[in-house]
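Close look at the chain arrangement
Each chain, written out:
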Amino acid sequence: MNASILVIDDEESTRRLLGGVLGQASFEVDTASNGMQVLLKARRTAPDLMIIDVNMPKLDGLTASFHLLEPGGPAMDVIVVTGVANDETVERCEAMGMFYACKHAEFWRDLTTALIEIFPAMAEQIVAQTRPVGTAPDPVPSRPPSREPATLLKTPPRIGMSGRPGTIGSPGTSRPPLGVTKPLRMASLVRSRVRNRLQ
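Residues numbered from 1 in each chain as written. Predicted model: local features only at pLDDT ≥ 70, side-chain atom pairs only at ≥ 80, totals over all residues. Heavy atoms only, no water.

What follows covers the sheet that holds strand 3 (residues 49-53). Either a parallel or an antiparallel arrangement is found when strands of a sheet pair, and the pairing is made through backbone hydrogen bonds. Here 5 strands make up an open sheet; going across it, the order is 2-1-3-4-5 and the pairing parallel. The two strands at the open ends of the sheet, each matched to only one other strand, are strand 2 (28-32) and strand 5 (99-102). For this sheet, the mean inter-axis angle between neighbouring strands, taken without regard to orientation, is 20°. Relative to strand 3, strand 1 (residues 4-8) runs parallel, the two being bridged by 4 bridges. Bridge pairing in strand 3 links Val7 to Ile51. Its contacts with the sheet place helix 4 (residues 87-96) against strand 4 (77-82) and strand 5, and it is angled at close to 155° to strand 5. (Pairing = 2+ DSSP bridges. Helix = DSSP H or I, 4+ residues; strand = E, 2+ residues; numbered from the N terminus. Axes fitted to C-alpha atoms, helices over the stretch in contact; angles between N-to-C directions. Contact = heavy atoms within 4.5 Å.)

If you want it as C-alpha cells, here you go:
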C-alpha cells in the first residue's frame, strides 16, 4: 500500500501542483482547502503525512496541526508551508516537531529533503518527480498572500518528541537543530519529528 499524503492549501493551483507531483512519485494524495476540512479528513483517513499551509480561511494551518497532534490523535508527520517567512512560525514548528518550508526559490529543495527523510525508501521516486519542477523558471507553487496572517494559538499543547537519536529534543542528538540561526534569519527547514506523544 502506498504512503498517503494530505495536501492542504487554500490556493487551488498549489493543491493541483503538489498533488500532481506527489501522485507521480507514487503517493496516495488527498487534498483540502481549509483548516476545518483537514480536521475532518485527517481524523477520518489518518494520512502518513500532511503538507499544510499556514494562512487559510476558517482555521489556520498551525492551529489545525496542534489539534491533530494532541495525544490520541493520528500519528503522522507534518510539513508546514508558508509564503511569509516568520520567526514565530519556525519556533512553533520546532516545538511541535514539524518540518517547515517557505515558498521561496528553494521551496522544492526543502520539500524534497523533508520527504526523503520521512520516506527514505522512496527517495528515487521523490527526486525524479520534484527535481524537474524545482528547476522550472517559476518553481514556487504560489506567491505569498497579500492578506494578513491568521491569528495563531499563543501556547501550543504539550507534545512529546520522538526520543530517537538525531531528532530535536532527543537525548544523544549529535548535530545542532536547524531553525533560527540569527534574529530574523531562519533556516528553510526545521528538522524534527513527532511520532511518540505524551499519553
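What follows is about the pairing of strand 4. Consecutive residues of a regular strand have side chains that alternate between opposite faces of the sheet. Across the 6 residues that make up strand 4, a large majority, 6, are buried. Here 5 bridges tie strand 3 to strand 4, and the two strands are oriented parallel to one another. Note that in strand 4 the partner of Asp53 across the bridge is Val81. Taken together, strand 3, helix 3 (residues 61-68) and strand 4 constitute a β-α-β crossover, and its handedness is right-handed. Bridging between strand 4 and strand 5 involves 4 bridges; their strand directions are parallel. Of the residues in strand 5, the one forming a bridge with Thr82 is Cys102. Handedness of the crossover is the feature at issue here: the chain leaves strand 4, passes through helix 4, returns alongside strand 5, and the resulting connection is right-handed. (Buried < 20%, exposed > 50% of the residue type's maximum accessible area, 1.4 Å probe, protein only. Right-handed = clockwise from strand over helix to strand, strands pointing away.)

A word on the pairing of strand 2. The sheet contact formed by strand 1 and strand 2 spans 5 bridges and is parallel. Within strand 2, the residue paired with Val7 across the bridge is Thr31. Handedness of the crossover is the feature at issue here: the chain leaves strand 1, passes through helix 1 (residues 12-24), returns alongside strand 2, and the resulting connection is right-handed.

Attention now goes to the environment of Arg16. Relative to the helices and strands, Arg16 resides in helix 1. Here the alpha-carbon distance between Arg16 and Thr31, two residues 15 residues apart in the chain, equals 8.8 Å.

This next bit is on the packing of helix 3 against helix 4. A pair of packed helices can be characterised by two numbers: the angle between their axes and the separation between those axes. Contact geometry of helix 3 with helix 4 gives a least axis separation of 12 Å together with a crossing angle of 10°. Our classification of the angle between helix 3 and helix 4 gives roughly parallel. Between helix 3, through Leu62, Ser65 and Phe66, and helix 4, the contact on the second element is made entirely by Thr89, Arg92, Cys93 and Met96. (Parallel < 35°, antiparallel > 145°, perpendicular 65-115°, else oblique.)

With that settled, the discussion passes to the nonpolar core. By size, the foremost hydrophobic cluster in this structure holds 25 residues, and its most contacted members are Ile8, Val38, Met50, Ile52, Val78, Val80 and Met98. Looking at this core, the elements with two or more residues in it are strand 1, helix 2 (35-45), strand 3, helix 3, strand 4, helix 4 and strand 5. Of all the elements, helix 3 adds the most residues to this core, at 4 residues. Not counting residues up to four positions away in its chain, the partners in contact with Met50 are Leu6, Ile8, Val38, Ala42, Ser65, Leu68, Met76, Asp77, Val78 and Ile79. Counting 24 residues, the second largest nonpolar core, distinct from the first, contains Ala25, Ile51, Val81 and Leu111. (Core = buried A, V, L, I, M, F, W, Y, C linked by side-chain atoms within 4.5 Å.)

Between helix 1 and helix 5 (residues 107-118), the least distance of the axes is 14 Å, while the angle of their chain directions is 45°. Relative to helix 5, the element helix 1 lies oblique. For the element pair helix 1 and helix 5, the recorded crossing hand is right-handed. Across the interface between the two elements, Leu17, Leu18, Val21 and Leu22 of helix 1 pack against Phe107, Trp108, Leu111 and Leu115 of helix 5. When its residues are assigned to classes, the contact of helix 1 with helix 5 shows 8 nonpolar, no polar and no charged. (Left-handed = near helix turned anticlockwise from the far one by under 90°. Nonpolar A, V, L, I, M, F, W, Y, C, P; charged D, E, K, R; others polar.)

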